[in-house]
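Spelled out from the first residue to the last, the chains are:
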Amino acid sequence: MLPKTIYLLRHGETRYNREGIVQGSGVDSELNQLGAEQARAFHHTYGHLPFELVLTSALRRTQQTVGSFIDKGIPWLAMPELNEISWGDLEGQAYDNDGRKHFHQVTDAWRKGHLDARIPNGESAAELAERLRRFANHLHQRPESLLLVCSHGRTMRGLLCVLLNKSLRRMDEFAHHNTGLWRIHFDTSGEPEVDMRNDLQHLLLHGLITSEIHPGQSDAK
């Protein structure tokens, strides 16, 4: 395997994020004004890097987040394997007390290793892992050495588990924020090293947050 560096980015904020509405793979929302500003801040900070490939999900919020890189003519692939997990019957619904209860029942089950648990009509962690392993295999086989990947909160948690050879029961160890950045290096043996974890310096530099200490965001929003 050739050495690789992956910049793994969560999409910018959407109206659904702001309003506490569950998105998932079945809601193809767009960035709101803040989300567009977050995307511009990321490009302003990292646009000088010679990315050889951009990979996004098939959903607009990821594609809009890295649209400035795509517009430069950097090769781009939209891959449904990077779509957000399906939250089934919760999608498009307010993240209220009832929704929060069902969400936590499922995520608690995943933490206990019951990866087949799911929201009704949704996707299990085991199914998420299967498609993320397909994506990781594709990633490792590519010849490029510097890649930009834009995905979604829960999918990023799962992908980091896959890339770092951890069980998806550990997904909640991986924090995320809109346009939070993880950077992972792979040596020739495929051994990973993470040296940026949910990094928000681009937002701090552009006054979009005042501190890197921020309340956690639910994946479901």
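Notes on the structure in this doc start here. (Residues numbered from 1 in each chain as written. Predicted model: local features only at pLDDT ≥ 70, side-chain atom pairs only at ≥ 80, totals over all residues. Heavy atoms only, no water.)

Turning next to the sheet that holds strand S1 (residues 4–10). Reading across the sheet, the six strands line up as S3-S2-S4-S1-S5-S6 and stay open at both edges, with mixed pairing between neighbours. Of all the strands in the sheet, just strand S3 (76–78) and strand S6 (192–199) have a single pairing partner and so form its edges. This sheet shows a mean twist of 15° between the axes of neighbouring strands, independent of strand direction. Bridge count between strand S2 (residues 53–56) and strand S4 (residues 146–151): four bridges; the pairing is parallel. Note that in S4 the partner of Leu-55 across the bridge is Val-149. Where helix H6 (residues 125–141) meets the sheet, it contacts S1, S2, S3, S4 and strand S5 (181–186), and its direction lies at approximately 140° from that of S1. (Pairing = 2+ DSSP bridges. Helix = DSSP H or I, 4+ residues; strand = E, 2+ residues; numbered from the N terminus. Axes fitted to C-alpha atoms, helices over the stretch in contact; angles between N-to-C directions. Contact = heavy atoms within 4.5 Å.)

Of note, Glu-173 is situated in the loop between helix H7 (153–163) and S5. Sequence separation of Glu-173 and Leu-160 is 13 residues, and the distance between their C-alpha atoms is 9.7 Å. Only 2.8 Å separates the side chain of Glu-173 from the side chain of Arg-170, close enough to count as a polar contact. (Polar contact = N/O pair within 3.5 Å; in protein donor to acceptor, adjacent residues only side chain to side chain.)

Moving on: the pairing of S2. Burial along S2 is two-sided: the face carrying Leu-53 and Leu-55 and the face carrying Val-54 and Thr-56 are both buried. Alignment of S2 against S3, held across three bridges, turns out to be parallel. Across the sheet, the residue bridging to Thr-56 is Ala-78, located in S3. (Buried < 20%, exposed > 50% of the residue type's maximum accessible area, 1.4 Å probe, protein only.)

With that settled, consider unusual backbone geometry. One non-glycine residue, Asn-165, adopts positive backbone phi at about 60°. Summarising the element assignment, Asn-165 is placed in the loop between H7 and S5.

Another point: the nonpolar core. Among the nonpolar cores identified, the biggest contains 38 residues, and Leu-8, Leu-55, Trp-87, Phe-135, Leu-168 and Ile-184 are the most heavily contacted of them. At the level of elements, S1, S2, helix H5 (97–111), H6, S4, H7 and S5 are the ones that each hand at least two residues to this core. A total of seven residues in this core trace back to one element, the largest contributor, which is H6. Core analysis: the next-biggest nonpolar cluster, separate from the first, contains 16 residues, Phe-51, Val-66, Ile-74 and Cys-150 among them. (Core = buried A, V, L, I, M, F, W, Y, C linked by side-chain atoms within 4.5 Å.)

Before going further, it helps to examine the state of the cysteines. Using the criterion set out here, one finds zero disulfides in the structure. Sulfur of Cys-150: no disulfide; nearest cysteine sulfur belongs to Cys-161 and is 19 Å away. Of the residues examined, Cys-161 reaches a relative accessible area of 0% and is grouped as buried. (Disulfide = S-S within 2.5 Å.)

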